[in-house]
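# Coordinate inspection notes
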Amino acid sequence: MPRAPSLSSSARALRESIFSRLQGRLAKHGADGVPLHLGDTYLAPPMIAREAIEASAADWRYGAPAGEAPLLAALAAKLRAANGLDWATEAHVQVTVGATAALAAAARAVVDPGDEVICPTPHWPLIRGIVTNAGGVVVEAPLSQTLYADARADAAAILEPHITERTAALYVTTPNNPDGKQLSRRHLEQLAELARRHDLWVLADEVYEDLAWAEPHVSIASLPGMAERTLTVFSLSKTYAIAGHRLGYVARAAAPMHALRKIANHTVYNVPSLLQRAALALVTSPSSRAWLDEARALYRDACAEASLLVPAPHFVPDGATYLFVDLSRWAPESSGLWPLVEKLLDAGVSIAPGEQFGRDFSRHARICFTAVPLDRLRVGLARLASVLSAPVAGE
């Protein structure tokens with residue numbers, strides 16, 4: 001007898017997103033609500049991107065599945081000049097619908113059902129679902145908060161106890177979402193040696209490469225012996241404030257790129273051509289780099305001010321657009337973080353609960369300091385401080 005239709009095991013294993021729930025609750029405040037839970041920016045993108053889209057609006061044809069040739073050439077040139085990937089050519093780049101699709105295709109290319117993927121925590125929430133959708137098993141391993149506390153710690157020594165005979169890949173992100181930790185060259189060299197020694201793939205998430213200010217960004221794929229085992233994901237969305245246009249790309253040397261391109265081709269076929277024209281303008285225009293320099297300065301100032309205004313323990317970020325705060329004092333283990341989140345929503349400000357970022361961080365929260373202009377950020381953080389200043393039970 002045929003089995004009754006049922007959902008796939010990967011679909012059943014996916015967690016529900018909490019962000020729509022937060023947005024719905026915050027909506028009752030209308031324009032007075034301060035949404036600090038989403039990773040976005042209040043800035044409008046560079047004008048040149050908008051002009052490129054308007055100029056391409058009448059182009060309705062299919063685009064090239066891997067990406068338009070001029071954009072692939074521009075991205076390969078950028079990878080050689082800025083990321084040290086001297087092997088990069090147009091054949092080593094795939095344009096994708098945001099970095100999320102790039103990571104999904106990369107995982108599908110190298111992860112088999114049952115393979116374990118080391119995902120250092122706190123981690124970007126969607127990586128868990130991406131690995132699950134590929135049939136893989138997420139193995140959490142605390143890393144970035146440990147490195148903040150002790151910069152001399154050995155990153156490889158922290159992760160190695162979590163590696164088993166089923167481990168196939170290591171997810172590496174720098175700067176990190178949600179806590180902004182930027183991995184130093186020394187830490188990346190330690191992780192590269194770990195990957196080589198255990199013959200692991202590396203899924204490198206470098207979405208926030210242009211929003212790092214602690215030290216120059218280093219791509220792990222540029223280190224010796226890493227080009228052939230690393231799939232590196234980048235985002236124009238975060239760099240140039242075009243998150244809604246979903247523009248990312250992935251770079252990889254040789255054979256796995258062929259497999260990845262097949263997966264991308266059978267998923268979305270091609271990124272809309274007019275958006276790729278905007279991407280080309282952004283990558284090649286000096287005006288967009290000037291815009292980025294100004295945006296980075298604004299973000300860094302917002303980070304510094306937010307760090308001073310948040311009355312909860314946290315490490316000052318090395319980059320990215322978030323504070324990751326420890327709210328354990330205000331969230332007893334017995335009740336967890338959600339009662340506090342509800343109070344904040346009632347006060348008109350939202351934060352992203354830490355349960356999405358790893359099992360050890362259920363009483364932490366992520367705060368995006370670029371989601372709203374600085375004056376509104378101050379309002380939101382004042383509301384947060386007011387709620388946190390209320391007497392805590394038992395104190």
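### A short note on the sheet that holds strand 2 (residues 93–97)
Strand order in the open sheet formed by 7 strands is 2-8-7-6-5-3-4, and the pairing between neighbours is mixed. The sheet is open, and its two edges are formed by strand 2 and strand 4 (137–142), each paired on a single side. The sheet shows a mean angle of 25 degrees between the axes of neighbouring strands, taken without regard to direction. Bridge count for strand 2 against strand 8 (residues 247–251) is 5 bridges, and the pairing is antiparallel. Across the sheet, the residue bridging to Gln-94 is Val-250, located in strand 8. Set on the sheet, helix 6 (residues 126–133) makes contact with strand 3 (116–121), strand 4 and strand 5 (167–173); between it and strand 4 the angle comes to about 145 degrees.

### A few points about the side chain of Glu-116
One can find Glu-116 in strand 3. Ignoring anything within four residues of it in the chain, the contact list for Glu-116 reads Val-137, Val-139, Thr-164, Arg-166, Thr-167, Ala-168 and Ala-169.

### Quick word on helix 12 (residues 273–284)
For an α-helix the count is 3.6 residues per turn, leaving residues at separations of three or four pointing the same way. Across its 12 residues, helix 12 extends 17 Å between first and last C-alpha, which sits within 8% of the 16 Å expected from 1.5 Å per residue. Those residues of helix 12 that are buried lie in contact with helix 3 (47–55), helix 4 (69–82), strand 2, helix 10 (236–239), strand 8 and helix 13 (286–309).

### Re the packing of aromatic side chains
Inspection of the entire model under this criterion finds 6 aromatic pairs. On the basis of an interplanar angle of 45 degrees and a centroid distance of 6.2 Å, the ring pair of Tyr-240 and Trp-291 is categorised as tilted. Within this pair, whereas Tyr-240 is found in the loop between helix 10 and strand 8, its partner Trp-291 is found in helix 13, the two being separated by 51 residues in sequence. Across the pair, Trp-291 and Tyr-240 agree in class, each one buried. An aromatic cluster of at least three residues, connected via ring pairs, comprises Phe-324, Phe-357 and Phe-361. Positioned over the ring face of Phe-234 is Lys-78, at 4.2 Å from the centre of the ring.

Conventions we followed
Residues numbered from 1 in each chain as written. Predicted model: local features only at pLDDT ≥ 70, side-chain atom pairs only at ≥ 80, totals over all residues. Heavy atoms only, no water. Pairing = 2+ DSSP bridges. Helix = DSSP H or I, 4+ residues; strand = E, 2+ residues; numbered from the N terminus. Axes fitted to C-alpha atoms, helices over the stretch in contact; angles between N-to-C directions. Contact = heavy atoms within 4.5 Å. Expected span 1.5 Å × (residues − 1). Phe/Tyr/Trp six-rings, centres within 6.5 Å; stacked < 30°, edge-to-face > 60°. Buried < 20%, exposed > 50% of the residue type's maximum accessible area, 1.4 Å probe, protein only. Lys NZ or Arg CZ within 6 Å of the ring centre and 35° of its normal.

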